[in-house]
Amino acid sequence: MEVIVVGLNHRTAPIALRECLAFQEDTLPEALHQVNALPSLRENMILSTCNRVEIYAAARDREKAVFDLKDFLSQYHHLSLKEFEKSLYSYTGEEAVKHIFRVASSLDSMVVGEPQILGQIKDAYDIATQAKTSGLILHRLLHRAFHVAKRVRTETKISNSAVSVSSVAVDLAKKIFESLERKTVLLIGAGEMCELAAQHLVSGGIEKVLVTNRTYQRAVALADQFKGEAIPFEEMNMGLKRADIVISATDSPQYLIRHDQVAKVVKDRRQKPIFFIDIADPRDIEPKVGEIENAYLYNIDDLQKVTFENIKDREKEAVKAEAIVEDEVVQFVTWYRSLDITPTIVSLRKKFEEIRKRELEKTLSLHPDLSDKEKKSLEALTSAIINKILHDPVTLLKKANEEATADLYLDAIQNLFQLPGGAPGSSDPNPDPGVEEVEESVESNELSRN
Amino acid sequence: MDTHFFKLAALLYLIGTLAYLGYVLFLKGALSKSATMVVFVGFASHTLAFLLRYAEAGHTPVTNLYESLSFFAWMVIGILLVVQLKYPVKVLGAFLSPIALILMLFALALPKEIVPLAPVLKSFWHPFHVFFAFLGNAIFALAFCCGVMYLLQEHQLKSKKMGAITQRLPSLMVLDDLNYQSLKFGFPLLTLGIITGAIWAEYAWGRYWGWDPKETWSLITWFLYAASLHQRLTVGWRGRKAAIMAIAGFLAVLFTFLGVNLVLPGLHSYANW
């Protein structure tokens, strides 16, 4: 049994192609069943986000499985393989495990360290579990991937800094105002830029949204969207007096807000701090405004600069994260290599033989007067017992191996008899709370498979 | 006996200070938590030292420079512990605990024998005077730290650097609020300290006010804080200006407390060593 990955992501395929190959959530279970019907593999799950489409599978025959999965993608999406094969990548074995760990830890993301991907993988895994297309190997693999992601998150600073312009703006606002609660934002302009920025602030906790625009109707429309208040453009200063944060994004060719005007407003505000965010090009706010005490001005370039610096920081942290991933890959691969039948039988026999020898020696030392013949009989007796006991399980294992269903038994034997090479983290007393519910559904899944 | 506990407290403050600084460097929450624990134990030991000395001397043991420095440090740590309960300002320890530590080290270098109380100091008003004055001073130390942090943070934000310093320092709003709260509590305490001092002076020297250097400087300090409070309430001085005032005010406090004793001769020079 081998872990394989087939897919494409934001680096290998343009968005148009990714959209063509994406899976819809409501039809995902059906797709999962179709994949599982392929004879070359036994378990699978599909991860489909706006940046990647990937199928994770446990394959009986890895080359055949990779071929089958590519073929499946082509048929399912009614797209000739030639059109997208160049964008596809496939990994097997250790490489595949590493890839999945990296994806879950957000090391393979467009914005390294962004947190959404972990949730997306959890969702994809949940769907596969409900569709009963994931089994022992994917369960362990994903459980481990969540663990790796958690380690990366806590042991490195990869997700510490904001890396989008609007999250940087929110961070800055919090460094001035501590929190956005009970704060008022004034939007100057009613375009898409303002709307987006406002959405970010409102979800960050802003209480009141004021909107002003040259065309009053558009201000009203946008204000309604946020249950806010529209202000006539001529009365902008009224808005400046009330707002804590001002976002300006108009296409006005000259400055709309000037130094002297803000100096007066700040005085009228009794020096209450005000934070200007100028995302217009050309600028709406005179740069000198930033020199006024208790007024803070960031334009789009400033925000972008902070963003780039934070991204650089993340990339440094990513090096540490890669080391964690490497370490975890080794552990995982050790476990799943142990699911081979021959070494399992060998170590099982070895364990029984050791027990037999130890107990026999104890008995013999208690009865030093036994004759050689009697000793030989005891040897033969104990060996026979062990062979008889092991006969049925070993036969069953060999049979299951031919049918490629041995992994469950192998894992059970590893755990029941505590053989070396047991599952990583299987005796972890504190599993990641975030995956507990996932685990539960997996267990019920495994029961129903039996 | 009391000096053993005093030295133990100084040692614990040293460890606490290092842990607080470690927190600032590595941002490990556990460091800041354990620093507070250590400092708390140090504070308990310091309190014990104070009580033992009180029992032995039979009067409030704030009569010479060693005792005053120790008492000041004790108040500063007390303020640090109280503020940490209410405000989420983890870096504060890295600013306040070094101040207490310096006061402790200074005190360590001084003679620590209990000397019989000078007759002029024997008064009902003495404990009140030192309590108000030093609690006020400790609160102004807090305001000073907030002022320094405010200026640093403001500079970062104005120069558009969102780096390690920005990340570690609290928001401007919290710093300014702490500064204002300090002023609100510190100023009345300073006023009470001066008033009780004047009453005590009437008993000790037969006049309420004699323009002795200590008295003069405490009045200068009082005017600085009064101006700061007045401006905040009338024209909304806050942020940068308030931070500068808090720093200037605390420098005046320090000069009133130490500079006057060391540089200018006067009636309060009993506090010389």
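Scroll up to find the structure this text is about.
In this convention, every chain numbers its residues from 1, walking through the sequence in written order. Naming scheme: in the order in which they are written, chains are lettered from A and ligands are numbered from 1. Reporting of local features is limited, given that this is a predicted model, to residues whose pLDDT is at least 70; pairs of side-chain atoms are given and counted only at 80 or more, and all residues count toward the totals for whole chains, interfaces and linings. Hydrogens and water molecules were not included; the side-chain quantities draw on all heavy atoms of the structure.

> Help me out: how do you make sense of the overall build of chain B in this one?
When its secondary structure is counted, chain B shows 9 helices and 0 strands. The order of helices and strands in chain B, counted from the N terminus, is α-α-α-α-α-α-α-α-α. Taken over C-alpha atoms, the radius of gyration comes to 19 Å for chain B, in line with the 19 Å a tight globule of 273 residues would show. Overall size of chain B, expressed as C-alpha extent along the three principal axes, is 60 × 45 × 30 Å. Three labels apply to residues, based on accessible area from a 1.4 Å probe with only protein chains included: buried if under 20% of the type maximum, exposed if over 50%, partly exposed otherwise in between. Here chain B holds 273 residues, and 53% of them are scored as buried. Helix and strand labels come from DSSP, where a helix needs a run of H or I of at least four residues and a strand needs a run of E of at least two; each type is numbered from the N terminus. Both definitions apply: the radius of gyration is a C-alpha atom measure, and the globule rule equals 2.2 Å times residues to the power 0.38.

> It is not clear to me how helix H7 (residues 136–155) of chain A should be interpreted in this structure. Could you clarify?
An α-helix turns once every 3.6 residues. As a result, residues three or four positions apart point the same way. To estimate how far a helix should extend, the number of its residues minus one is multiplied by 1.5 Å. With 20 residues, H7(A) ought to run about 28 Å at 1.5 Å a step, and its terminal C-alpha atoms sit 28 Å apart, in line with that. Among the 20 residues in H7(A), 15 count as buried, and that is most of the element.

> Please explain unusual backbone geometry as it appears in this structure.
The bulk of non-glycine residues show a negative phi, and the bulk of peptide bonds are trans. Residue and element names in this part refer to chain A. Cis geometry is adopted by the peptide bond preceding Pro282, which originates at Asp281 and carries an omega value of 0 degrees. As for its placement among the helices and strands, Pro282 is situated in the loop between strand S9 (274–278) and strand S10 (295–299). Of note, Glu178 is a non-glycine position whose phi angle comes to about 70 degrees, a positive value. Along the chain, the position of Glu178 falls in the loop between helix H8 (165–177) and strand S5 (184–188). On the basis of relative accessible area, Glu178 is assigned to the partly exposed category, the value being 35%. Within the chain, Asn294 stands out as a residue other than glycine whose phi angle is a positive 65 degrees. Within the element layout of this structure, Asn294 appears in the loop between S9 and S10.

> Please clarify how a nonpolar patch on the surface should be interpreted in this entry.
All names here are of chain B. By definition, no residue in a patch forms a salt bridge, and every one has over 30% relative accessible area; like charges are joined within 9 Å, nonpolar side chains (Val, Leu, Ile, Met, Phe, Trp, Tyr) within 5 Å. Surface accessibility follows the Shrake-Rupley procedure with a 1.4 Å probe radius. Residue values consider only the protein chains on display as shielding. Salt bridges are defined as contacts in which a side-chain nitrogen from Lys or Arg sits within 4 Å of a carboxyl oxygen from Asp or Glu. Side chains of Leu8, Leu11, Leu14, Ile15, Leu18 and Leu21 sit close together on the surface and give an oily, nonpolar patch of about 500 Å² of accessible area. Considering the arrangement of structural elements, one finds Leu18 in helix H1 (residues 2–26). According to the relative accessible area criterion, Leu18 is exposed, its value standing at 54%.

> Can you walk me through the interface of chain A and chain B in this structure?
Interface size is often expressed as the accessible area that is lost when the parts come together. It only takes one pair of heavy atoms within 4.5 Å for two residues to be counted as in contact. Residue-level contacts link 27 residues of chain A with 24 residues of chain B. In total, chain A and chain B occlude about 2100 Å² of area from one another, counting both sides; carbon and sulfur atoms represent 50% of this. Looking only at chain A, the three residues that lose the most surface to chain B are A:Lys175, A:Arg270 and A:Glu293, adding up to 31% of its buried area. For the pair chain A and chain B, the number of links is 2 salt bridges. Taking the shortest distance from any N to any O, the salt bridge between A:Asp302 and B:Lys160 comes out at 3.0 Å. Each polar contact in these results corresponds to two N or O atoms within 3.5 Å; when the atoms are within protein, one needs to be able to donate a hydrogen and the other to accept it, and residues that are neighboring in sequence are counted only if both atoms are side-chain atoms. Remark: the boundary between chain A and chain B carries 16 residue pairs in polar contact (both at pLDDT 80 or more). Looking at the side of chain A that touches chain B, the elements with two or more residues in it are H8, S10 and helix H13 (300–337) of chain A. When residues in the side of chain A that touches chain B are grouped by element, the largest group, 7 residues, is from H8(A). Throughout this entry, Asp, Glu, Lys and Arg are counted as charged residues, while Ala, Val, Leu, Ile, Met, Phe, Trp, Tyr, Cys and Pro are counted as nonpolar. The remaining residues, Gly among them, count as polar. Residues belonging to the side of chain A that touches chain B are distributed by class as follows: 11 nonpolar, 5 polar and 11 charged. Buried area: the accessible area, evaluated with a 1.4 Å probe, that two parts lose upon being put together, summed over both parts.

> Quick question: what am I supposed to make of the nonpolar core here?
In a soluble, globular protein the nonpolar side chains are often hidden away together inside. Throughout, nonpolar core names a set of buried Ala, Val, Leu, Ile, Met, Phe, Trp, Tyr and Cys residues whose side chains join them through atoms within 4.5 Å. Ranked by size, the top nonpolar core spans 109 residues in total, and within it A:Leu187, A:Ile245, A:Ile247, A:Phe275, B:Leu92 and B:Leu96 carry the most contacts. With 15 residues, the single largest contributor to this core is helix H5 (residues 126–158) of chain B. Aside from chain neighbours lying at most four places away, what touches B:Leu92 is B:Leu80, B:Val83, B:Leu142, B:Cys145 and B:Met149.

> Is there a simple way to explain the packing of helix H2 (residues 29–57) of chain B against helix H3 (residues 65–86) of chain B in this structure?
Each pair of packed helices can be described by the angle between their axes along with the distance between the axes. All names here are of chain B. Running from amino to carboxyl end, H2 crosses H3 at an angle of 140 degrees, the nearest separation of the two axes being 10 Å. Between H2 and H3, the crossing angle belongs to the class labelled oblique. As H2 runs across H3, the sense of the crossing is left-handed. Two secondary-structure elements touch here, H2 through Thr36, Val39, Phe40, Phe43, His46, Thr47, Phe50 and Arg53 and H3 through Tyr66, Glu67, Ser70, Phe71, Ala73, Trp74, Ile77, Gly78, Leu80, Leu81 and Gln84. When the residues that make up the contact of H2 with H3 are grouped by side-chain class, the tally is 11 nonpolar, 6 polar and 2 charged. Here an angle of 0 to 180 degrees is reported between the N-to-C directions of two axes, which are lines fitted to C-alpha atoms, with helices fitted over the stretch in contact. Put simply, angles under 35 degrees are roughly parallel, angles over 145 are roughly antiparallel, angles from 65 to 115 are roughly perpendicular, and the rest are oblique. In this scheme the crossing of two helices becomes right-handed for a clockwise turn of the near helix relative to the far one and left-handed for an anticlockwise turn of less than a right angle.

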